[in-house]
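Summary of structural features
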Amino acid sequence: MTSTAKVLGVTAIIVVGVGLIAGGITWAVLATRGSDVPPPELIPLEWWQHCTLYQIYPRSFKDSDGDGIGDLKGIISELPLFVEAGVDAIWMSPIFESPMVDFGYDISNFYNIHYEYGTMEDFRELLKKAHELGIKVLLDFVPNHASNESEYFINSEARVPGYEDFFVWADGIDDPNDPTNKLPPSNWVSQFGGSAWEWSQRRQQFYLHQFAVQQADFNFRNQAVRDEMFKIMKFWLDEGADGFRVDALPYLIEADPADHNGRYPDDPLSGRIEFESHQLGYTIPLYTKDLIELYDVVYEWRSFVDRYLEESGGDTRVLFSEGYANVSMTMLYYGNEQGSVGAHFPFNFDFITDLSSKSTARDFVYVILKWLTYMPYGGVPNWVFGNHDNNRMPTRFRESMVDGLNSLNMLLPGVAVTYQGEEIGMKDGYVSWEDTVDVEAINRGDNETYMLYSRDPARTPYHWNNLTNAGFSTAEKTWLPVAEDYPVLNLALQKVAERSHFKVYQALTDLRRKERSLSHGDYSIRALSDSTFYLVRYLPSYDTIVLVFNVAETSDTVDLSRIPNMSLPSTVYVSSVHSTRLSGSNISDKHLTLTAGEAIVFKSQPI
């Protein structure tokens, strides 16, 4: 809001501004025009509220022992990269003991490190060295299910007292065509294809697995299961972990048979004739996903980590939740209007699910504003452009857009999330059917259709240099093949190049750390055309930061005078590697022509 006042006889405009993050108020500003008033007082942010968070897929990051598989010592050896890249925190996909059916998301021992990745001593060394460098370390927590090789499952299958109901067990339905056969309790379909129920000969019941057969779903209606999750979290927090990324939360709780005449109800049919009964999409997951009770579990976890902080001191331990859901259900992970507080934030996958190379500038603006509009007061936004479950960012969009997408990520308010390789523009690698190891691709596809489902192309090894196996490993064969473009697309090459995606990324993280307009300022975003949009970040008495980004496949000329709070001339801070506008140059003409995919970040005068 604004008002006018007399300050030492000079008429001044007083602006009181409220920002987006840090408990709903990131800055309170008393700024004036026409008088010498000091800069606004800025409320300090907690470490996670404006961090650059980097996802490591450990199996593909760096192999230290030549077995073709990335490991903890490999990560330790490259920790200086994160300092160089301007990363504040890392989170690692699961590193716990596992049969590796789903490459770590099928955990057999939640309290130990998988042998291929190293030892507890390696983990402690990683924590120590990361913390010495000022880098926070988050773990991937997978509470929805456990491996059928875990002691939990073995004991539950054997009906060991205390474990009988650790998983979701149900009697089968008599087969009218075969009295010796039992049919699954309901028509629920696994996320990896086939029935979500598997028969246990030993227990003579079916168990639920919403993912692979080897990933049995915990029963969160059992308090003993909930208590075990607290024990797991406390164990790793006591070791020094800074928090968790929490996996697959929409599937945490299923319908209660007590509400359905003692049986698990069938999901309604989707009516989509292209799917058969064993295929994902045949049913609508009404009773298996996004049940309202799951949020109470998340709120309990938040209370737990907050109590842990009170009792142990130190910096905030965080919970970042993973769940692909509609926007209303996603926002409930933040908390509810009755005062319950949930995850520090739910990951925002809208750039993955709602945008592609065909999206217009207006689509980008709409998707960004949707999150900021629905986000509850006091929430911290975040932006995710890729992960281990989806095609890589340059593959889903275009190579020419890499720097623009990284710029957008770094300049939007809140947390910027980077999946390993995005800082150098890594694309999907080719993985043949013979080399495919992803359980989802194997279960849902065949040698002709597997690429529709495979997550392997986004998981190929990191490109360190142009040497053997891209510098990832000295092994003759790596767990997934290295992408063929590594000789021309790798970190070492980009470090010495005059201009590169990595150097753009470094410039952006440096700007992000220095500019208070980015950490504490407000925003304005709008399409200038179908091709180009702008993002403005501003804070009274601090530099205004402007991104102009052409997301189209053709050039576009825009009118810079339409951008609020941008004054001309403005200085180019950084631009796409294929841009002709170099850092430090001034733009004074209001008409600006951008080539396909070109992005320019400007520094402009304070408002």
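Residues numbered from 1 in each chain as written. Predicted model: local features only at pLDDT ≥ 70, side-chain atom pairs only at ≥ 80, totals over all residues. Heavy atoms only, no water.

**What about the sheet that holds strand β5 (residues 52-56)?**
Taking strand neighbours across the sheet as the criterion, the eight strands line up as β19-β18-β17-β9-β6-β5-β21-β20 in an open arrangement whose pairing is parallel. At either end of the open sheet lies a strand with only one pairing partner, and these are β19 (345-346) and β20 (382-384). Bridge analysis of β5 against strand β21 (residues 415-419) gives four bridges, and the strand direction is parallel. If you follow Q55 over to β21, its bridge partner there is Y419. (Pairing = 2+ DSSP bridges. Helix = DSSP H or I, 4+ residues; strand = E, 2+ residues; numbered from the N terminus.)

**A closer look at the packing of aromatic side chains**
Within this structure, the stated rule accounts for 49 aromatic pairs. Ring geometry for F110 and Y152: centres 6.1 Å apart, planes at 50°, overall tilted. Placement of the pair is F110 in strand β8 (residues 109-113) and Y152 in helix α4 (residues 151-157), with a sequence separation of 42 residues. The burial state of F110 is the same as that of Y152; both residues are buried. Aromatic rings pair up to connect F110, Y152, F153, Y163, F166, F167, W169, Y207 and F218 into one cluster. Above the face of the W479 ring, R59 is positioned so that its terminal group lies 5.0 Å from the ring centre. The ring of W464 has K62 sitting right over it, with the charged end atom 5.1 Å from the ring centre. (Phe/Tyr/Trp six-rings, centres within 6.5 Å; stacked < 30°, edge-to-face > 60°. Buried < 20%, exposed > 50% of the residue type's maximum accessible area, 1.4 Å probe, protein only. Lys NZ or Arg CZ within 6 Å of the ring centre and 35° of its normal.)

**As for helix α6 (residues 293-312)**
The end-to-end C-alpha distance of α6 is 29 Å, a good match for the 28 Å that 20 residues give at a rise of 1.5 Å each. The complete set of buried residues in α6 reads L294, Y295, V297, V298, Y299, W301, R302, F304, V305 and Y308. Where α6 is buried, its residues contact β9 (136-141), α5 (223-239), β17 (243-246), β18 (318-321) and α7 (327-331). A positive phi of about 75° marks G313, the residue just after α6. (Expected span 1.5 Å × (residues − 1). Contact = heavy atoms within 4.5 Å.)

**Some words on the sheet that holds strand β14 (residues 197-200)**
Sheet architecture is open: three strands sit in the order β11-β15-β14, paired in antiparallel fashion. Each edge of the open sheet is held by one strand with a lone partner, namely β11 (169-170) and β14. As paired elements, β11 and strand β15 (residues 205-208) share two bridges and run antiparallel to each other. Bridge pairing in β15 links W169 to Y207.

**Details of the pairing of strand β28 (residues 591-594)**
Taking every second residue as pointing to the same face, the buried face of β28 carries L592 and L594, while none of H591 and T593 on the other face is buried. Bridging between strand β25 (residues 556-559) and β28 involves four bridges; their strand directions are antiparallel. Bridging from a neighbouring strand, D559 pairs with H591 of β28.

**Examining the UniProt feature "domain: Glycosyl hydrolase family 13 catalytic" (unreviewed entry) in the protein**
Within this structure's numbering, the places UniProt gives as "domain: Glycosyl hydrolase family 13 catalytic" (unreviewed entry) are residues 55-459. Secondary structure across residues 55-459 divides into 28% helix and 15% strand, with the first and last C-alpha atoms of the span separated by 12 Å. (UniProt positions renumbered as here; feature names shortened; annotations may be inferred.)

**A few points about the domain arrangement of the protein**
The domain architecture assigned to the protein consists of domain 1 (145-217 + 255-276) and domain 2 (521-606). Here the C-alpha centre of domain 2 lies 54 Å away from the C-alpha centre of domain 1. (Domains from an automatic or database assignment.)

**Digging into the environment of E476**
Checked against the element boundaries, E476 lands in the loop between α12 (439-444) and α13 (491-496). Taking the C-alpha atoms as reference points, E476 and K358, 118 residues apart in sequence, are found 39 Å from one another.

**Some points on unusual backbone geometry**
Where the residue is not glycine, phi is negative for most of them; where a peptide bond is considered, it is trans in most cases. For the bond from L568 to P569, the omega torsion is 0°, close enough to zero to count as cis. Its place among the elements puts P569 in the loop between β25 and β26 (570-575). Within the chain, M100 stands out as a residue other than glycine whose phi angle is a positive 65°. By the secondary structure assignment, M100 is in the loop between β7 (96-97) and β8. Look at Q204: it is not a glycine, yet its phi comes out positive at around 65°. By relative accessible area, Q204 is classed as partly exposed at 44%.

**Topic: the pattern of salt bridges**
When charged atoms on two side chains of opposite charge get close, those side chains can pair. All told, the structure shown has 34 salt bridges when counted by the stated rule. Linking D315 and K136 is a salt bridge whose minimum nitrogen-to-oxygen distance equals 2.5 Å. Within this pair, whereas D315 is found in the loop between α6 and β18, its partner K136 is found in strand β9, the two being separated by 179 residues in sequence. For K136, a relative accessible area of 14% puts it in the buried group. A salt bridge links E274 to R272, with the nearest nitrogen and oxygen atoms 3.0 Å apart. Residue class for R272 comes out partly exposed when judged on its relative accessible area of 45%. Sharing partners across several salt bridges, the network here consists of D102, D389, D438, E440, R444, R455 and R459. (Salt bridge = Lys/Arg side-chain N within 4 Å of Asp/Glu carboxyl O.)

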